[in-house]
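# Fold and geometry: a report
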Amino acid sequence: MKYHSPANRMAICPQTMPILSAKTASRLISRHLTFETTHFYPNHPKLTLSEKLVGLLKQCVSTKTLQQIHTQMLLNSIDKPNFLLSKLIDLKNLNYASLLFSHIPVPNDYAFNIMIRGLTTTWQKYDLSLRFYYKMKSSGLRPNNFTYPFLFIACANLLAVDHGRVAHSMVFKNGFSVDGHVRHSLITMYARCGELGCARKVFDEIRERDLVSWNSMISGYSKMGFAGDAVALFETMRDEGFEPNEMTVVSVLGACGDLGDLSLGRWVEGFVVDSEMELNSYVGSALIGMYSKCGDLSSARGIFDQMKNKDVVTWNAMITGQVIPLCPPFKSSFLRKKLNYFDS
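Below or above, wherever it landed, is the structure these notes cover. (Residues numbered from 1 in each chain as written. Predicted model: local features only at pLDDT ≥ 70, side-chain atom pairs only at ≥ 80, totals over all residues. Heavy atoms only, no water.)

Backbone geometry places Lys 92, a non-glycine residue, at a positive phi of 60 degrees. Mapped onto the fold, Lys 92 is located in the loop between helix 5 (81-91) and helix 6 (94-102). One non-glycine residue, Glu 276, lies in positive phi territory at about 55 degrees. Checked against the element boundaries, Glu 276 lands in the loop between helix 16 (262-274) and helix 17 (281-293). (Helix = DSSP H or I, 4+ residues; strand = E, 2+ residues; numbered from the N terminus.)

Here it is in structure tokens:
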């Protein structure tokens, strides 16, 4: 399914979106699950049954327990679908959440926002996020500042800049452009879609910038290959008194590697050490990548050896870094030696 024009929205906005069969629905929702009442309810005589179930739902850590709570809600005519939806996001159960949503007679904006957030951040079903957004609008509900940040992230991952532009106009019209989360997600969306001029315009219109604002724009420049702009903006950020955090460090290291700016890269490593920032996979891999691109393989290996917990991202960064400086005829033999070394 393509998302290149708002004209396509009719194709992605069906009036009904059955995701599971009736048989599955019966198995998940209507099945009667039994449990010991004396152990299930908290011993609090002043609480209503509804309050007790909601309290238990907040403590729920498994789908099985949630099914038990849901069954009791159904048996006692307690209607709390939004609480259930929110917990299902935490439990990462897309089928159950989709089924439950489809059984809500008239979903409100909160229910739609929960689904859009879950589809974007938990399940990365960005096309479905866009569907739910348009279904929300067609239902007569007005998206708000809890809707748009996740919508723009979905548009960013789909490279659906046309849909993002239309939504941006609605943000401006309804006065949500002052919301920090909305503005930061707008910067990310425009940057990932290659519209860095639009991203910078949103950034420049922010009167009181916080670290997230700076990181959004610096990351956008760095990821899209505008390393010089990323470093220049980073220096401006420092001049204005902002201290880098982990996200800043990773973005700037990527830019340093692309520019071959070993001096700034070493300064960033010094900052990581002085600020006692954790040398995790995220930061460590960025340092390895920077040193490798700058041709300082011994420093890259030094960072690698310092890392206590190495994951596949770290190993990949080290292996790739060792290969980068080599000419094509020597790559495969050198890589074989490195792989044998890592296996030893």
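After that view, the rundown keeps rolling.
Tallied over the full model, the rule gives 8 salt bridges. The residue Lys 87 makes a salt bridge to Asp 90 at a minimum N-O spacing of 3.9 Å. Note that Lys 87 and Asp 90 are positioned in helix 5 at a spacing of 3 residues, about one turn of the helix. Of the charged contacts, one joins Asp 204 and Arg 200 as a salt bridge, the two residues approaching to 2.9 Å between their closest N and O atoms. Taken together, the positions of Asp 204 and Arg 200, both in helix 12 (residues 196-204) and 4 residues apart, correspond to about one turn of that helix. With relative accessibility at 42%, the residue Asp 204 sits in the partly exposed group. Taking the relative accessible area as the measure of exposure, Arg 200 reaches 28% and is therefore partly exposed. It is possible to trace a salt-bridge network through shared partners that takes in Arg 200, Asp 204 and Arg 209. (Salt bridge = Lys/Arg side-chain N within 4 Å of Asp/Glu carboxyl O. Buried < 20%, exposed > 50% of the residue type's maximum accessible area, 1.4 Å probe, protein only.)

Below, the discussion takes up the packing of aromatic side chains. Using the criterion set out here, one finds 12 aromatic pairs in the structure. Taken together, a centroid distance of 6.4 Å and an interplanar angle of 65 degrees make the contact between Phe 112 and Phe 132 edge-to-face. Linking Phe 112 in helix 7 (residues 109-122) with Phe 132 in helix 8 (residues 126-138), this pair joins segments that are 20 residues apart in sequence. Assigned by exposure class, Phe 112 and Phe 132 land together as buried. Their ring planes at 45 degrees and their centres at 6.1 Å tell us that Tyr 148 and Phe 176 sit as a pair that is tilted. With Tyr 148 in helix 9 (residues 148-158) and Phe 176 in the loop between helix 10 (161-173) and helix 11 (180-192), this residue pair connects regions lying 28 residues apart in the sequence. There is no split in this pair, since Tyr 148 and Phe 176 are both buried. Through successive ring pairs, a cluster of aromatic residues spans Tyr 133, Tyr 134, Tyr 148, Phe 152 and Phe 176. We note Arg 209 situated over the ring of Trp 214; from NZ or CZ to the ring centre the distance is 5.5 Å. The ring centre of Trp 267 lies 4.0 Å from the NZ or CZ of Arg 238, which sits over that ring. (Phe/Tyr/Trp six-rings, centres within 6.5 Å; stacked < 30°, edge-to-face > 60°. Lys NZ or Arg CZ within 6 Å of the ring centre and 35° of its normal.)

The next subject is the packing of helix 13 (residues 211-223) against helix 14 (residues 227-239). At a minimum axis separation of 7 Å, helix 13 and helix 14 run at an interaxial angle of 160 degrees. Between helix 13 and helix 14, the interaxial angle falls into the category roughly antiparallel. Helix-helix and strand crossings are classified by hand; for helix 13 and helix 14 the assignment is left-handed. Across the interface between the two elements, Leu 211, Trp 214, Met 217, Ile 218, Tyr 221 and Ser 222 from helix 13 touch Ala 227, Asp 229, Ala 230, Leu 233, Phe 234, Thr 236 and Met 237 from helix 14. (Axes fitted to C-alpha atoms, helices over the stretch in contact; angles between N-to-C directions. Parallel < 35°, antiparallel > 145°, perpendicular 65-115°, else oblique. Left-handed = near helix turned anticlockwise from the far one by under 90°. Contact = heavy atoms within 4.5 Å.)

Each α-helix winds once per 3.6 residues, and so residues spaced three or four apart point in a common direction. Over its 13 residues, helix 13 extends 18 Å from the first C-alpha to the last, a length consistent with the 18 Å expected when each residue adds 1.5 Å. A large share of helix 13 lies buried, amounting to 10 of its 13 residues. Inspection of helix 13 places Ser 213, Trp 214, Asn 215, Ser 216, Met 217, Ile 218, Ser 219, Gly 220, Tyr 221 and Ser 222 among the buried residues, and these make up the whole buried set. Contact partners of the buried residues in helix 13: helix 11, helix 12, helix 14 and helix 15 (246-259). The N-cap of helix 13, judged by a side-chain oxygen 3.2 Å from the amide nitrogen of Val 212 a few residues on, is Asp 210. Trailing helix 13 by a residue or two, Gly 225 shows a phi angle of about 90 degrees, which is positive. (Expected span 1.5 Å × (residues − 1). Polar contact = N/O pair within 3.5 Å; in protein donor to acceptor, adjacent residues only side chain to side chain.)

Note that all results are geometric; they support no functional claim without further evidence.
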